[in-house]
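One-letter residues, chain by chain:
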Amino acid sequence: MESGDIPSLHAAMVEAGLRGKTLTLPVGDSEKIARSLRRNLTEDTLHALIALLSSDQR
């Protein structure tokens, strides 16, 4: 790996396993939120999120 290969300190920490990947969502636009989640989450994580959002627990 050479200098400049990783764009930020956060990206380097994610790659090293020291920090989890984060995501910023456009609040208020359901379609954009869905696109962002589909692009960034695994299918298993999406299914788990759907189950959590569909439950009556708060």
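Here the structure is a predicted model, which is why all the values come from computation and not from measurement.

**Describing the overall build of the protein chain**
Each helix and strand in the protein chain was counted, giving three helices and zero strands. Order of helices (α) and strands (β) in the protein chain, N terminus to C terminus: α-α-α. Taking 58 residues into account, the globule formula puts the C-alpha radius of gyration at 10 Å, and the protein chain, at 15 Å, lies well above it. Residues counted as buried form 5% of the 58 residues belonging to the protein chain. Of the roughly 5300 Å² of accessible surface on the protein chain, 54% is carried by carbon and sulfur atoms. In the protein chain, the 7 positive side-chain charges and the 8 negative ones have mean positions that sit 8 Å from each other.

**Section: a positive patch on the surface**
On the surface, K32, R35, R38 and R39 cluster together into a patch of positive charge. Note that K32 resides in helix α2 (residues 30–40).

**Structural notes on the side chain of S36**
Tracing the backbone shows S36 in helix α2. Dropping the residues within four chain positions of it, S36 is found in contact with L23, L25 and P26.

What counts and what doesn't
- Residues numbered from 1 in each chain as written.
- Predicted model: local features only at pLDDT ≥ 70, side-chain atom pairs only at ≥ 80, totals over all residues.
- Heavy atoms only, no water.
- Helix = DSSP H or I, 4+ residues; strand = E, 2+ residues; numbered from the N terminus.
- Rg over C-alpha atoms; globule rule 2.2 N^0.38 Å.
- Buried < 20%, exposed > 50% of the residue type's maximum accessible area, 1.4 Å probe, protein only.
- Areas by Shrake-Rupley, 256 points an atom, 1.4 Å probe, with all protein chains shown as cover.
- Lys, Arg positive; Asp, Glu negative; His and termini not counted.
- Charge placed at Lys NZ, Arg CZ, Asp CG, Glu CD.
- Patch = residues over 30% accessible without salt bridge, like charges linked within 9 Å, V, L, I, M, F, W, Y side chains within 5 Å.
- Salt bridge = Lys/Arg side-chain N within 4 Å of Asp/Glu carboxyl O.
- Contact = heavy atoms within 4.5 Å.

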